[in-house]
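Reading the structure
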Amino acid sequence: MKLIIINGPNLNLLGKREPEVYGNQTFEDYFSELQFRFKEVQLEYFQSNIEGELIDKLQETGFSYDGIILNAAAYTHTSVGLGDAVKAVDTPVVEVHISNVSERESYRHTSYISPGARGVIFGFGLKGYDLAIRSFLTD
Ligand code: DQA
C-alpha cells in the first residue's frame with residue numbers, strides 16, 4: 001500500500017504556528033510517529049506553499065499511488081485548480097483538516113476539494129492523518 005500525505009501552505013510551520021489552533025507538534029515529528037505506527041504502509045510526505053507544486057504532486061502521484069491524503073490548507077477555500085486536479089486523478093483523495101473548520105470563520109466553510117474527495121476528516125487535530133490512513137487500510 002503506497003500512500004502520500006500532501007500538505008499545503010503554512011503547514012510547514014506546525015509546532016510554532018497558532019499552537020492554540022494547530023497544537024505544538026511539528027509535522028516532521030508526527031510523520032515519524034505515523035511511519036512507526038504503519039510499518040506496512042509505504043508512506044510519503046510532501047509539503048509546499050506553492051499552489052502549482054501541489055497540483056504537480058497530485059498529478060505525479062494520482063495515477064499510481066493507492067491513496068492521497070490532502071490538507072490543502074488555505075488553498076482548500078480558494079483553489080479551483082486544486083479541486084480540478086483532485087477530480088482529474090484516479091487515486092482516491094481523503095481531505096484532512098487539523099482544526100474544526102466548520103466552527104471557524106465562514107470563509108473556511110467552503111471547500112473546492114470536497115466535491116472530488118472520497119471523504120473529509122476535520123477537527124481531530126493531527127490524529128486526522130492517522131484516521132485517513134486507516135480509512136485506506138480498511139478498504
Ligand atoms: C487547515 C484549515 C485551513 O482553513 C487553514 O487555512 C489551514 C489549515 C487545517 O488543517 O485546519 O492552513 O487546513
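Details of the structure are given in the entry above.
In this report, we go over the structure that sits alongside the text. None of these values were measured; they are calculated from a predicted model.

How each quantity is defined
Residues numbered from 1 in each chain as written. Predicted model: local features only at pLDDT ≥ 70, side-chain atom pairs only at ≥ 80, totals over all residues. Heavy atoms only, no water. Pairing = 2+ DSSP bridges. Helix = DSSP H or I, 4+ residues; strand = E, 2+ residues; numbered from the N terminus. Axes fitted to C-alpha atoms, helices over the stretch in contact; angles between N-to-C directions. Contact = heavy atoms within 4.5 Å. Salt bridge = Lys/Arg side-chain N within 4 Å of Asp/Glu carboxyl O. Buried < 20%, exposed > 50% of the residue type's maximum accessible area, 1.4 Å probe, protein only. Near = heavy atom within 4 Å. Polar contact = N/O pair within 3.5 Å; in protein donor to acceptor, adjacent residues only side chain to side chain. Areas by Shrake-Rupley, 256 points an atom, 1.4 Å probe, with all protein chains shown as cover. Parallel < 35°, antiparallel > 145°, perpendicular 65-115°, else oblique. Nonpolar A, V, L, I, M, F, W, Y, C, P; charged D, E, K, R; others polar. Arc of directions from axis to C-beta. Phe/Tyr/Trp six-rings, centres within 6.5 Å; stacked < 30°, edge-to-face > 60°. Lys NZ or Arg CZ within 6 Å of the ring centre and 35° of its normal.

What about the sheet that holds strand 3 (residues 67–71)?
In spatial order, the strands read 2-1-3-4-5; together these 5 strands make up an open sheet with parallel pairing. Of all strands in the sheet, those with a lone pairing partner are strand 2 (42–47) and strand 5 (119–122), marking the two edges. Shown here is a sheet whose adjacent strand axes are inclined to one another by a mean of 20 degrees, direction ignored. By the bridge criterion, 3 bridges tie strand 3 to strand 4 (residues 93–97) in an arrangement that is parallel. Bridging from a neighbouring strand, Leu70 pairs with Glu95 of strand 4. Where helix 2 (residues 27–37) meets the sheet, it contacts strand 1 (2–7) and strand 2, and its direction lies at approximately 170 degrees from that of strand 2. Its contacts with the sheet put helix 5 (residues 127–137) on strand 1, strand 2, strand 3, strand 4 and strand 5, and the angle it makes with strand 3 is roughly 160 degrees.

Looking at the pattern of salt bridges
Taken as a whole, this structure holds 6 salt bridges when the rule is applied. As a salt-bridge pair, Arg104 and Glu105 come within 4.0 Å of each other at their nearest N and O atoms. You can call Arg104 buried: its relative accessible area is 18%. Shared partners join several salt bridges into a network, and the residues in it are Glu33, Arg37, Asp130 and Arg134.

A short note on the site of the ligand
Around the ligand, the surrounding shell consists of Arg17, Tyr22, Asn71, Ala73, Ala74, His77, His97, Ile98, Ser99, Val101 and Arg108. Between the ligand and Ile98, the relevant distance is 2.7 Å, taken from an oxygen atom to a main-chain nitrogen or oxygen of the residue. Within the side chain of Arg108, a nitrogen or oxygen atom sits 2.9 Å from an oxygen atom of the ligand. Considering the ligand on its own, with 320 Å² of exposed area, one finds that the protein chains cover 99% of that surface.

As for unusual backbone geometry
Within the chain, Glu18 stands out as a residue other than glycine whose phi angle is a positive 35 degrees. Summarising the element assignment, Glu18 is placed in the loop between strand 1 and helix 1 (19–22). The backbone of Ala73 shows a phi angle near 50 degrees, a positive value even though the residue is not glycine. Along the chain, the position of Ala73 falls in the loop between strand 3 and helix 4 (80–88).

Describing the packing of helix 3 (residues 51–61) against helix 4
Packing of helix 3 against helix 4 leaves a shortest axis separation of 10 Å and a crossing angle of 5 degrees. Between helix 3 and helix 4, the interaxial angle falls into the category roughly parallel. Contacts from Leu54, Ile55 and Leu58 of helix 3 reach helix 4 at Gly81, Leu82, Ala85 and Val86. In terms of residue class, the contact of helix 3 with helix 4 is made up of 6 nonpolar, 1 polar and no charged.

Structural notes on helix 3
The α-helix winds at 3.6 residues per turn, so residues separated by three or four positions along the chain end up facing the same way. Among the residues of helix 3, those classed as buried are Leu54, Ile55, Lys57, Leu58 and Thr61. Down the axis of helix 3, the buried set is contained in an arc of 160 degrees. They therefore lie on one face. Among the structural elements, strand 1, strand 2, strand 3 and helix 4 are those in contact with the buried residues of helix 3.

Notes on the packing of aromatic side chains
Per the stated rule, a full pass over the model turns up 6 aromatic pairs. Residues Phe27 and Phe31 carry aromatic rings whose centres are separated by 6.5 Å and whose planes lie at 25 degrees to one another, so their mutual orientation is stacked. You can see Phe27 and its partner Phe31 sitting in helix 2, 4 residues apart, about one turn around the helix. By relative accessible area, which is 1% here, Phe27 ends up buried. Where Phe27 meets Tyr129, the ring centres are 4.8 Å apart and the plane angle is 65 degrees; that geometry is what we call edge-to-face. In this pair, Phe27 is assigned in helix 2 and Tyr129 in helix 5, connecting sequence segments 102 residues apart. Classification of Tyr129 by relative accessible area gives buried; the value is 0%. A network of ring pairs unites the aromatic residues Phe27, Tyr30, Phe31, Tyr45 and Tyr129 as a single cluster. We note Lys39 situated over the ring of Phe36; from NZ or CZ to the ring centre the distance is 3.7 Å. Note that Lys57 overlies the ring of Phe46, its terminal NZ or CZ placed 4.8 Å from the centroid.

None of this, on its own, says anything about what the molecule does.
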